[in-house]
Amino acid sequence: GENVEQHPSTLSVQEGDSAVIKCTYSDSASNYFPWYKQELGKGPQLIIDIRSNVGEKKDQRIAVTLNKTAKHFSLHITETQPEDSAVYFCAAHIIQGAQKLVFGQGTRLTINP
Amino acid sequence: DAMVIQNPRYQVTQFGKPVTLSCSQTLNHNVMYWYQQKSSQAPKLLFHYYDKDFNNEADTPDNFQSRRPNTSFCFLDIRSPGLGDAAMYLCATSRDLGGVDEQFFGPGTRLTVL
């Protein structure tokens, strides 16, 4: 069935360093890939998304890259800050069957001061 | 200003006692979703409404039902909660169906089953 794999499950980086989270998806027809940040006790919040017609998108310290041939996409956070600590979820819009977002398993990112 | 509101934020119920969770939105979006999120796991879609059309995920237990009386409100009914239903329940909305529109999530309701 539809599947989104996300790695790593936990990531710890020093403040100021970069963090990279990677996801792969199974449905080659997928065309929309959002990233969500979920802080403790809150719902997921969209931080950046990318559609299949572009390979990279950047918003200040956050960037996402997409490789449709390899069916993987990545989140890059540069100059990390303590407030970046949260759980991050990737997702892919699955076309097969009922159209919906399928989420990766999440990455718990910890920024060490 | 809150756009997707969930009440209550915390709900405690007893094993087998029906419970209803509430979601409202100020975005006037056509689609409303209910997700179940267990600890350290990804949100799992239970069902969604596109306007008044209800769409159930194939693996959503019959124990879970939903109602959408109008555009703004959507309810999740758990008829006979079991211990395994303890989770965070997230409501989300999107302008349209198809998955390519941003989904806006509420803060969630954490359900405890005693």
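The preceding data block contains the structure.
Predicted model, so just to flag it, every value in this text is computed and none were measured. (Residues numbered from 1 in each chain as written. Chains lettered and ligands numbered in written order. Predicted model: local features only at pLDDT ≥ 70, side-chain atom pairs only at ≥ 80, totals over all residues. Heavy atoms only, no water.)

Novice: Mind showing me how you'd approach the environment of Ser26(A) here?
Specialist: Residues and elements named next belong to chain A. Along the polypeptide, serine 26 turns up in the loop between strand 3 (19–25) and strand 4 (32–38). For serine 26, a relative accessible area of 31% gives the class partly exposed. When the C-alpha positions of serine 26 and alanine 92 are compared, they lie 9.2 Å apart, and in sequence the two are 66 residues distant. (Helix = DSSP H or I, 4+ residues; strand = E, 2+ residues; numbered from the N terminus. Buried < 20%, exposed > 50% of the residue type's maximum accessible area, 1.4 Å probe, protein only.)

Novice: What is the right way to read the nonpolar core from this model?
Specialist: Ranked by size, the top nonpolar core spans 25 residues in total, and within it Trp35(A), Phe73(A), Leu75(A) and Leu109(A) carry the most contacts. Listing elements by their share of this core, those giving two or more residues are strand 2 (10–14), strand 3, strand 4, strand 5 (45–51), strand 7 (62–67), strand 8 (72–77), strand 9 (86–94) and strand 11 (107–112) of chain A. Top contributing element to this core by residue count: strand 9 of chain A, with 5 residues. Grouped together as the second largest cluster of nonpolar side chains are 18 residues, Val4(B), Met32(B), Leu46(B) and Cys74(B) included. (Core = buried A, V, L, I, M, F, W, Y, C linked by side-chain atoms within 4.5 Å.)

Novice: Looking at this structure, how should I read the interface of chain B and chain A?
Specialist: Where interface size is given, it is often the accessible area lost as the parts come together that is meant. Across the contact, 19 residues belong to chain B and 19 residues belong to chain A. Taken together, both faces of the contact between chain B and chain A bury some 1600 Å²; the carbon and sulfur share is 53%. Where chain B touches chain A, the interface holds 1 salt bridge. The residue Lys100(A) makes a salt bridge to Glu57(B) at a minimum N-O spacing of 2.5 Å. Between chain B and chain A we count 4 residue pairs in polar contact (both at pLDDT 80 or more) in total. (Contact = heavy atoms within 4.5 Å. Buried area = accessible area lost by both parts, 1.4 Å probe. Salt bridge = Lys/Arg side-chain N within 4 Å of Asp/Glu carboxyl O. Polar contact = N/O pair within 3.5 Å; in protein donor to acceptor, adjacent residues only side chain to side chain.)

Note that every value here comes from positions in space, so none of it alone points to a role or purpose.
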